[in-house]
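Residue strings, one per chain:
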Amino acid sequence: MEKINRRTFNIKLTQAMAGAALLSNIPLSYGLNSGKQDKKLGIALVGLGGYSGGQLAPALLKAEHCYLAGIVTGTPSKEKEWMDKYSISKENVYNYENFDEIAKNKAIDIVYVVLPNSMHAEFCIRAAKAGKHVITEKPMAVSVAECDAIIKACNDAGVKLGVGYRMQTDPYTNEIKRLVAEKPMGEVQYISSDAGFVSANNPTQWRLNKTLSGGGALMDMGVYAIQSSIYGAGANPVSIAAQEFKTRPDYFVGVDESITAQMKFSNNVVGNMFTSYNANANRLFVSFRRGWAELNPCHSYGPLSGRTSRGEEIKFPYERHYQQTIQMDSFAKHVLTGSTNFAPGEMGKRDIIIVEAIYKSIKEGGKTIPLDLGDMGIVKV
Ligand code: NDP
């Protein structure tokens with residue numbers, strides 16, 4: 001790991017704040033540059049794996065309303081490495097056993113759970129009971145019952161809850177939401193959304209272990225396709241039918257490899273979604289009455305790319321980790337000022353209701369499953 005000492009940390013922070021200023025070209029509603037706060041909230045990352053180390057920690061160096069104050073890890077060797085790299089003091093370092101002591105630590109305002117999916121519920125509930133605001137990575141949990149338990153724990157403790165849906169504060173997503181809401185090309189009639197990548201040569205990873213992951217491609221990448229289907233349609237689905245395809249049963253044991261699903265939405269839009277651990281796919285297509293818009297790539301860390309049938313390019317400034325910086329700043333601002341929570345717990349729960357309906361449809365031979373979601377999880381931008 002690159003060593004960041006106090007001096008280079010400050011230089012990097014200054015550069016990072018300049019980067020945040022660059023991002024201030026992005027409209028106000030995308031999270032940054034929307035009113036300076038004196039207090040920066042302390043975030044503790046729980047689980048120091050690929051996403052925490054590769055994206056969230058560097059993104060926090062650039063954040064305006066929050067910073068990396070603490071870590072929770074089950075790997076003792078990571079403690080010193082992270083303390084040195086991010087100037088974290090020893091009293092802000094926890095493991096999974098002594099984690100509940102975080103309740104006494106005033107430096108930690110928000111606990112961000114970045115563990116394998118089936119561990120989200122336990123650590124979100126323990127964080128809420130410790131009186132900390134909670135962000136949980138996607139998928140929110142591995143069942144609707146677990147989502148309910150997380151929401152209840154946060155409500156009981158009077159703490160805020162957000163899901164790590166970085167796309168909900170991404171300017172590309174918000175441009176699609178604008179086109180859908182303002183209708184310059186008319187009403188949406190059809191959407192198609194794909195999210196997948198090729199998983200190979202690592203059969204023992206937790207993502208392929210149903211106990212830890214809760215499912216395969218659908219749990220991991222399918223939630224992106226569900227999310228973009230909904231903001232692309234501008235409404236929740238009222239029914240869904242799904243099919244599963246498995247071409248490598250020896251590698252995908254007990255978890256899904258590829259799934260397609262057809263949806264009808266409450267505003268009569270129809271749509272297809274596809275998710276896979278065996279095909280690269282990263283796209284949203286929205287067909288309007290008088291044209292179309294497309295994002296491809298759509299769900300990755302960027303740079304993203306978009307266009308419309310009118311020859312317009314959808315383009316926003318890019319710098320590394322911008323999605324995570326905006327997402328965490330937006331949540332911190334929500335905690336500090338009561339501003340909009342763009343990815344609340346109800347949104348995470350709604351998506352798991354849809355995940356469960358997809359698995360039910362597959363189990364029942366592709367039967368159409370009705371959904372009664374109303375406007376659950378729809379956040380107006
Ligand atoms: P990794 O496998 O890279 O890291 C997971 C970390 O969890 C480990 O390094 C370890 O941290 C901890 N851990 C605790 N118990 C276990 C266990 N039994 N098996 C494996 N790890 C364990 O996963 P990711 O960082 O890629 O994913 C973590 C979460 O973040 C998932 O829910 C995933 O869906 C989500 N994610 C979200 C992304 C997004 O774009 N929003 C992108 C990537 C992931 P330690 O050693 O510190 O204990």
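The structure displayed is predicted, hence computed values, not measured ones.

About the cut-offs
Residues numbered from 1 in each chain as written. Predicted model: local features only at pLDDT ≥ 70, side-chain atom pairs only at ≥ 80, totals over all residues. Heavy atoms only, no water. Pairing = 2+ DSSP bridges. Helix = DSSP H or I, 4+ residues; strand = E, 2+ residues; numbered from the N terminus. Contact = heavy atoms within 4.5 Å. Axes fitted to C-alpha atoms, helices over the stretch in contact; angles between N-to-C directions. Expected span 1.5 Å × (residues − 1). Buried < 20%, exposed > 50% of the residue type's maximum accessible area, 1.4 Å probe, protein only. Polar contact = N/O pair within 3.5 Å; in protein donor to acceptor, adjacent residues only side chain to side chain. Near = heavy atom within 4 Å. Areas by Shrake-Rupley, 256 points an atom, 1.4 Å probe, with all protein chains shown as cover. Nonpolar A, V, L, I, M, F, W, Y, C, P; charged D, E, K, R; others polar. Salt bridge = Lys/Arg side-chain N within 4 Å of Asp/Glu carboxyl O.

Undergrad: So what exactly am I meant to see when it comes to the sheet that holds strand 2 (residues 66–72) here?
TA: The strands making up a sheet are joined through hydrogen bonds of the backbone, oriented either antiparallel or parallel. Pairing in this open sheet of six strands is parallel, and the strands run 3-2-1-4-5-6 from one edge to the other. One side of each edge strand has no neighbouring strand; the edge strands of this open sheet are strand 3 (93–94) and strand 6 (161–163). Direction of pairing for strand 2 relative to strand 3: parallel, over a ladder of two bridges. Bridge pairing links Ile-71 to Val-93 in strand 3.

Undergrad: Honestly, the sheet that holds strand 10 (residues 270–276) in this entry has me stumped. Any pointers?
TA: Taken together, the nine strands give an open sheet; going across it, the order is 14-13-12-11-7-10-9-8-15, and neighbouring strands pair in mixed fashion. The outermost strands of the open sheet, each flanked by one partner alone, are strand 14 (313–314) and strand 15 (369–370). In this fold helix 8 (residues 217–233) packs onto strand 7 (188–198), strand 8 (237–245), strand 9 (258–265), strand 10, strand 11 (278–288) and strand 12 (291–295), with an angle of close to 160° to the strand it touches most, strand 7.

Undergrad: Is there a simple way to think about helix 6 (residues 171–182) in this case?
TA: Look at helix 6: 16 Å from first C-alpha to last across twelve residues, which is about the 16 Å you get at 1.5 Å a residue. The element helix 6 is largely enclosed, with a buried count of nine among its twelve residues. The residue sitting at the N-terminus of helix 6 and contributing the capping side-chain oxygen is Asp-170; that oxygen lies 2.7 Å from the backbone nitrogen of Tyr-172. Positive phi appears at Lys-183, one or two residues downstream of helix 6, with a value of about 55°.

Undergrad: I would appreciate a short explanation of the site of the ligand in the present structure.
TA: Every one of the 26 residues lining the ligand counts as a neighbour, but Thr-73, Thr-75, Lys-78, Tyr-96 and Arg-166 are closest to it. Between an oxygen atom of the ligand and a side-chain N or O atom of Lys-78, the distance comes to 2.5 Å. The separation between an oxygen atom of the ligand and a polar main-chain atom of Leu-115 is 3.1 Å. In isolation the ligand has 900 Å² of accessible area, and contact with the protein removes 80% of it. If you list the elements that add at least two residues to the shell around the ligand, you get helix 2 (50–61) and helix 8. Residues that form the shell around the ligand fall into these classes: eleven nonpolar, nine polar and six charged.

Undergrad: Please explain the pattern of salt bridges as it appears in this structure.
TA: Side chains carrying opposite charge are able to pair once their charged atoms draw close together. On inspection of all chains with the given rule, the structure shows 19 salt bridges. Residue Glu-175 is joined to Arg-178 by a salt bridge in which the shortest nitrogen-to-oxygen separation is 2.9 Å. Within this pair, Glu-175 and its partner Arg-178 are both found in helix 6, separated by three residues, close to a single helical turn. On the basis of relative accessible area, Glu-175 is assigned to the buried category, the value being 15%. By relative accessible area, which is 33% here, Arg-178 ends up partly exposed. Three or more residues are tied together by salt bridges with common partners; here these are Asp-194, Arg-283, Glu-294 and Arg-307.

Undergrad: Please clarify how unusual backbone geometry should be interpreted in this entry.
TA: Trans is the common state for peptide bonds, and a negative phi is the common state for residues other than glycine. Asn-296 connects to Pro-297 through a cis peptide bond whose omega is 5°. Tracing the chain through its elements places Pro-297 in the loop between strand 12 and strand 13 (306–308). A cis amide bond, omega 0°, links Gly-302 with the succeeding residue Pro-303. Of note, the phi angle at Ser-87 is positive, near 55°, even though the residue is not glycine. Along the polypeptide, Ser-87 turns up in the loop between helix 3 (76–86) and strand 3. By relative accessible area, Ser-87 is classed as partly exposed at 31%. Notably, Lys-183 is not glycine yet its phi reads approximately 55°, a positive angle.

Undergrad: What's the story with the pairing of strand 8 in this structure? I'm lost.
TA: A regular strand carries its side chains on alternate faces of the sheet. Relative to strand 9, strand 8 is paired through eight bridges, and the arrangement is antiparallel. When the sheet's bridge partners are listed, Ala-241 is paired in strand 9 with Gln-262. As judged from the two bridges shared by strand 8 and strand 15, these two strands associate in the antiparallel manner. Residue Ile-240 lies in a different strand from strand 15, and its bridge partner there is Ile-369.

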